[in-house]
Amino acid sequence: MTKLNDFIPERKKQNYIDNLYSLFDQYQSIRKSSPDHLEHIQISYSESRIISVLIQLHKPNKIIEIGSFIGYSTAHIIQALECVSPSDNSIKTDKSIFITFEKNKKYYSILRKNMLDLSLKKNNQNFNEKSDKNQKTNIINENIDIINFSHLDLITVNDNADICLDNIKNRFFEKEKIDMIFIDGSKNSYPEYLKFANKNLRKGGLIISDNTLLFNSMNNYSNSDEILDKKLKKMWININSFNQELAHSELYYSIIIPTFHGMSIAIKV
Ligand SMILES: C[S@@+](CC[C@H](N)C(=O)[O-])C[C@H]1O[C@@H](n2cnc3c(N)ncnc32)[C@H](O)[C@@H]1O
């Protein structure tokens, strides 16, 4: 079995890249304000760049993020969408609709506060909020609607996460398919999230998923029988099933970028 020390050169390489890009990160304050000593569960500086570059290339209009936490990745997605927003008519003509899910009440309320601050900074005005009984639509600028969900439905029926996501997606996009999904929620639900993508992502649509190397444990074990820790074993099995499906399904053309956490990119073919 591989020893931890074997990863040190890898870690140094990642640290070099992260240090290089952290200098230009506009959302350090969100990242550093994370509660419960959970700064490390957020995407890294380099991963935020990967997402941003992909969005600028792909120019999605209908986007879903699963697992916003306090909004660090959310802020980067918004910023990348702004780079390709209709204000530059030569690039993109449709308004973006971005739905982001966070199931934890505490993180959800910090997320909302952070999005509010972001909106104030960008527009010098508050969120323009349209509300219905279940959620609020936050218009961060006139070209991007952001819909935050406190994703309580999904906690109770985690086994059917794909069905809950279907219902919510249909409320906003009806039969239209989505252009991009960023997966960073419960590691055990990744196969469910993929079922949702199988049904709802358009051809040519993009899936970006974080933690697909599960903090280097995917490459550290050749099968789940070697894992003693029950929690890790369950996550390993689910991430392995997700990775296998993305790698072998005829629906996708994919690759795992070997960031420290592992970030998968897949195009629906
Ligand atoms: C790894 S963190 C997300 C980090 C965030 N994407 C970032 O990089 O800044 C995972 C988050 O997913 C949330 N989560 C877990 N299961 C979820 C679900 N079924 N629906 C929505 N959020 C979920 C957790 O509460 C946690 O805040």
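Residues numbered from 1 in each chain as written. Predicted model: local features only at pLDDT ≥ 70, side-chain atom pairs only at ≥ 80, totals over all residues.

- As annotated in an unreviewed UniProt entry, the protein chain is O-methyltransferase from Lyticum sinuosum.

### Focus on the overall build of the protein chain
Right, on to step 1. Along its length, the protein chain carries ten helices and nine strands.
Right, on to step 2. In the protein chain, which comprises 269 residues, the proportion classed as buried is 39%.
Right, on to step 3. Sequence separation of at least 24 residues holds for 68% of the intrachain contacts in the protein chain that already meet a minimum separation of 6. (Helix = DSSP H or I, 4+ residues; strand = E, 2+ residues; numbered from the N terminus. Buried ≥ 20, exposed ≤ 12 C-beta atoms within 10 Å, placed from the backbone. Contact = placed C-beta atoms within 7 Å.)

### Some details on unusual backbone geometry
Right, on to step 1. The phi torsion at F69 lies on the positive side, around 55 degrees, for a residue other than glycine.
Right, on to step 2. The topology assignment puts F69 in the loop between β1 (62–66) and α4 (72–83).
Right, on to step 3. Phi is positive for N216, which is not a glycine, with a value near 75 degrees.
Right, on to step 4. Turning to its location among the elements, N216 is positioned in the loop between β7 (201–210) and α9 (217–220).
Right, on to step 5. Note on N216: 17 C-beta atoms within 10 Å, which makes it partly exposed.

### Here we look at the nonpolar core
Right, on to step 1. By size, the foremost hydrophobic cluster in this structure holds 51 residues, and its most contacted members are I77, I181 and I207.
Right, on to step 2. Among all residues touching I181, those that are not within four sequence positions of it are I64, A197, L201 and I207. (Core = buried A, V, L, I, M, F, W, Y, C linked by C-beta atoms within 7 Å.)

### Some points on the pairing of strand β6 (residues 178–183)
Looking down a regular strand, the side chains alternate between one sheet face and the other.
Right, on to step 1. Among the six residues in β6, six count as buried, and that is most of the element.
Right, on to step 2. Across five bridges, the pairing between β6 and β7 is parallel. Note that in β7 the partner of I183 across the bridge is S209.
Right, on to step 3. Crossover connection from β6 via helix α8 (residues 190–200) to parallel β7: handedness right-handed. (Pairing = 2+ DSSP bridges. Right-handed = clockwise from strand over helix to strand, strands pointing away.)

### Section: the site of the ligand
Right, on to step 1. With respect to spatial proximity, 21 residues lie near the ligand, and among them G67, F69, Y72, S73 and S186 are the closest.
Right, on to step 2. Counting residues per element, the ones that place at least two in the shell around the ligand are α4 and β2 (96–102).
Right, on to step 3. Looking at the shell around the ligand, its residues break down into nine nonpolar, nine polar and three charged. (Near = placed C-beta within 6 Å. Nonpolar A, V, L, I, M, F, W, Y, C, P; charged D, E, K, R; others polar.)

### Considerations on the packing of helix α3 (residues 45–58) against α4
Right, on to step 1. Their axes nearest at 9 Å, the elements α3 and α4 cross at an angle of 30 degrees. Judged by the angle between their axes, α3 and α4 are roughly parallel. Of the two elements, α3 crosses α4, and the hand of that crossing is right-handed. Here S48, I51, S52, I55 and Q56 of α3 lie close against α4, whose contacting residues are S73, H76, I77, Q79, A80, L81 and C83.
Right, on to step 2. A class-by-class count of the residues in the contact of α3 with α4 yields six nonpolar, six polar and no charged. (Axes fitted to C-alpha atoms, helices over the stretch in contact; angles between N-to-C directions. Parallel < 35°, antiparallel > 145°, perpendicular 65-115°, else oblique. Left-handed = near helix turned anticlockwise from the far one by under 90°.)

### Notes on the environment of S22
Right, on to step 1. Mapped onto the secondary structure, S22 falls in helix α1 (residues 8–22).
Right, on to step 2. When the C-alpha positions of S22 and R49 are compared, they lie 10.0 Å apart, and in sequence the two are 27 residues distant.

### Remarks on α3
Right, on to step 1. Taking 1.5 Å of rise per residue, 14 residues should cover 20 Å, and α3 covers 20 Å from first to last C-alpha, within 8% of that figure.
Right, on to step 2. For α3, the complete set of buried residues consists of Y45, S46, E47, S48, I51 and I55.
Right, on to step 3. Where α3 terminates, the next one or two residues include K59, which has phi positive at roughly 50 degrees. (Expected span 1.5 Å × (residues − 1).)

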